[in-house]
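Listed below, chain by chain, are the residues.
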2 protein chains.
Amino acid sequence: MSIRDSLPTARVEQSNSSDSDEHLLLHVNGDLCTRLCLAAEARDQTPAALASDLLQRGLEQETLRAHSELLLDKLTPREQEVVRLTLRGLTNYQISDRLVISPETVKTHVRHALEKLGMRSKTELRMRWLEAGILPANP
Amino acid sequence: MSIRDSLPTARVEQSNSSDSDEHLLLHVNGDLCTRLCLAAEARDQTPAALASDLLQRGLEQETLRAHSELLLDKLTPREQEVVRLTLRGLTNYQISDRLVISPETVKTHVRHALEKLGMRSKTELRMRWLEAGILPANP
DNA sequence: CATTATATAGAACAATTGTTCTGATGTCAA
DNA sequence: TTGACATCAGAACAATTGTTCTATATAATG
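All values derive from a computational prediction rather than experimental measurement.

A.B. asks: Is there a simple way to explain the interface of chain A and chain B in this structure?
C.D. replies: With 46 residues of chain A at the interface, the matching set in chain B holds 46 residues. Of the roughly 4300 Å² buried between chain A and chain B, counting both surfaces, carbon and sulfur atoms make up 68%. Applying the counting rule to chain A against chain B returns 4 salt bridges. Counting every contact that joins chain A to chain B gives 7 residue pairs in polar contact (both at pLDDT 80 or more). Sorting elements by how many residues they give to the side of chain A that touches chain B places helix α2 (residues 47-72) of chain A first, with 14 residues. Residue composition of the side of chain A that touches chain B, grouped by class: 23 nonpolar, 14 polar and 9 charged. Bridge analysis of strand β2 (residues 23-29) of chain A against strand β2 (residues 23-29) of chain B gives 7 bridges, and the strand direction is antiparallel. Each residue of the ladder has a partner; that of Leu 24 of chain A, found in β2 of chain B, is Val 28 of chain B.

A.B. asks: Where do I start with unusual backbone geometry in this structure?
C.D. replies: Only a minority of non-glycine residues have a phi that is not negative, and only a minority of peptide bonds are not trans. Even without being glycine, Val 100 of chain A reaches a positive phi, approximately 55°. Counting through the fold element by element, Val 100 of chain A comes out in the loop between α4 (92-99) and α5 (103-117).

A.B. asks: Could you clarify how one ought to interpret the nonpolar core in this entry?
C.D. replies: A general tendency of soluble globular proteins is for nonpolar side chains to be buried together. Judged by nonpolar contacts, the single largest core of 30 residues is most densely connected at Leu 36 of chain A together with Leu 36 of chain B. Counting residues per element, the ones that place at least two in this core are β2, α1 (30-42) and α2 of chain A together with β2, α1 (30-42) and α2 (47-72) of chain B. Setting aside its immediate chain neighbours within four residues, Leu 36 of chain A contacts Pro 47, Leu 50, Ala 51 and Leu 54 of chain A together with Leu 24, Leu 26 and Leu 59 of chain B.

A.B. asks: Would you mind showing me how to read the layout of surface pockets here?
C.D. replies: Over the atoms, a rolling probe the size of a water molecule traces out where space has been left empty. Of the pockets and cavities examined, the largest pocket occupies roughly 240 Å³. Lining the largest pocket are 14 residues, and of these Thr 123, Glu 124 and Met 127 of chain A together with Arg 88 and Gly 89 of chain B sit closest to its centre. Breaking the lining of the largest pocket down by element, the ones donating at least two residues are α6 (122-131) of chain A together with α6 (122-131) of chain B. Considering each element in turn, the lining of the largest pocket owes the most residues, 5 residues, to α6 of chain A. Looking at side-chain class alone, the lining of the largest pocket contains 3 nonpolar, 4 polar and 7 charged residues. Volume-wise, the second largest pocket comes out at about 160 Å³. Lining of the second largest pocket is provided by Arg 88, Gly 89, Thr 91 and Arg 126 of chain A together with Ser 121, Thr 123, Glu 124 and Met 127 of chain B. With 3 residues, α6 of chain B is the single largest residue contributor to the lining of the second largest pocket.

A.B. asks: Honestly, the relation of the copies chain A and chain B in this entry has me stumped. Any pointers?
C.D. replies: Each copy of the chain is related to the other by a rotation around an axis and a translation along that axis. The two copies are related by a screw operation: chain A maps onto chain B through 180° of rotation and 0.0 Å of translation along the axis, at an RMSD of 0.1 Å. Look at the turn and shift together and you get a two-fold axis relating the two. Looking at the rotation axis and the C-alpha trace of chain A, the residue lying nearest is Leu 26 of chain A, at 2.5 Å. A shared interface surface links the copies, since 100% of the contact residues of chain A are contact residues in chain B too.

A.B. asks: Would you mind showing me how to read the side chain of Asn 92 of chain B here?
C.D. replies: Residue and element names in this part refer to chain B. Inspection of the secondary structure puts Asn 92 in helix α4 (residues 92-99). Residue class for Asn 92 comes out buried when judged on its relative accessible area of 18%. For Asn 92, the side chain forms a polar contact with the side chain of Lys 122, separated by 2.7 Å. When near neighbours in sequence (up to four residues on either side) are disregarded, Asn 92 contacts Val 106, Lys 107, Val 110 and Lys 122.

A.B. asks: Help me understand the protein's contact with DNA strand D in this model?
C.D. replies: Every one of the 17 residues lining DNA strand D counts as a neighbour, but Lys 107 and Lys 122 of chain A together with Thr 76, Ser 102 and His 109 of chain B are closest to it. The sugar and phosphate moieties of DNA strand D supply 66% of its atoms located within 4 Å of the protein. A distance of 3.0 Å is found between a phosphate oxygen of DNA strand D and a side-chain nitrogen or oxygen belonging to Thr 105 of chain B. Mapped by element, the contributors of at least two residues to the surface near DNA strand D are α5 of chain A together with α3 (77-87) and α5 (103-117) of chain B.

Scoring rules and cut-offs
- Residues numbered from 1 in each chain as written.
- Chains lettered and ligands numbered in written order.
- Predicted model: local features only at pLDDT ≥ 70, side-chain atom pairs only at ≥ 80, totals over all residues.
- Heavy atoms only, no water.
- Contact = heavy atoms within 4.5 Å.
- Buried area = accessible area lost by both parts, 1.4 Å probe.
- Salt bridge = Lys/Arg side-chain N within 4 Å of Asp/Glu carboxyl O.
- Polar contact = N/O pair within 3.5 Å; in protein donor to acceptor, adjacent residues only side chain to side chain.
- Helix = DSSP H or I, 4+ residues; strand = E, 2+ residues; numbered from the N terminus.
- Nonpolar A, V, L, I, M, F, W, Y, C, P; charged D, E, K, R; others polar.
- Pairing = 2+ DSSP bridges.
- Core = buried A, V, L, I, M, F, W, Y, C linked by side-chain atoms within 4.5 Å.
- Buried < 20%, exposed > 50% of the residue type's maximum accessible area, 1.4 Å probe, protein only.
- 1 Å grid on protein atoms, 1.4 Å probe; cavity = no way out; pocket = protein on both sides within 12 Å on 5 of 7 lines; lining within 4 Å.
- Points joined across faces, edges and corners; volume = space filled by probe spheres on them.
- Least-squares fit on C-alpha atoms with pLDDT ≥ 70 in both.
- Near = heavy atom within 4 Å.

The following block contains the structure:
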């Protein structure tokens, strides 16, 4: 089974009159369909209801994520690196090791980043951004 | 528009032979359809592709969440309360205020909870559980 | 050139968290 | 009633984080 098989296909059906009547037909098959049905069964829910929940929550996270990305642009490159590593749960010391700078410098970057983001602590940063489903890539 | 309108309806089409050929038709309309299309446009993606991403990530979170729920059952009621409040970003002191107990007691509960969960810090707890999309209700 | 932004780093101190102990009290089941 | 568990709480100390300073060096921009 190719990867393509696990992607849903969609046919957009649009009524003639207004946009508010638009609707989508999502064709879900393959592995995604299987997992969706299993999860729905485990939750004693119909696949459609579960899909609705997942899509709604996913869209909320998308909004938060987009907002977070905009905030990230306000930071300098170095501050962004520090924030990313912080979001992966690293301590200042570990970050200083990774970036080959002093722990004091990490503290400075963290402080500047938190100021620009209007946050008070790394905990608050992690709360907001992990809630948005943001988990930066490994390197 | 009623709430029902914003829920997708589904018709499960199952082929005659094997389960691996099963597929779903999700009928998405109303507000959910609108937001899905807008978000897809913003990401320069087809609504189907975005839906696929959201469903996949949502299912992963479901798995993590289910696992976390099982872990939560290993904790005493008081430990669960402390964990919940910790996941909402409260400090030990704030929690002690909320539960009308000593900060030292909170520390004890946190320590016991982290031991049972096999974690080393509240940061690790927040990382894992917020990643799973767990955000306990307000009270 | 002067200003601004960026990156670096330290001192000094406060606050929070984590670790290792000890210990008291109450409940519940074997 | 003894043991296991849950709840509560403190001492003492280490580690991490946060706050307020100062300070140097470099690059870009006007």
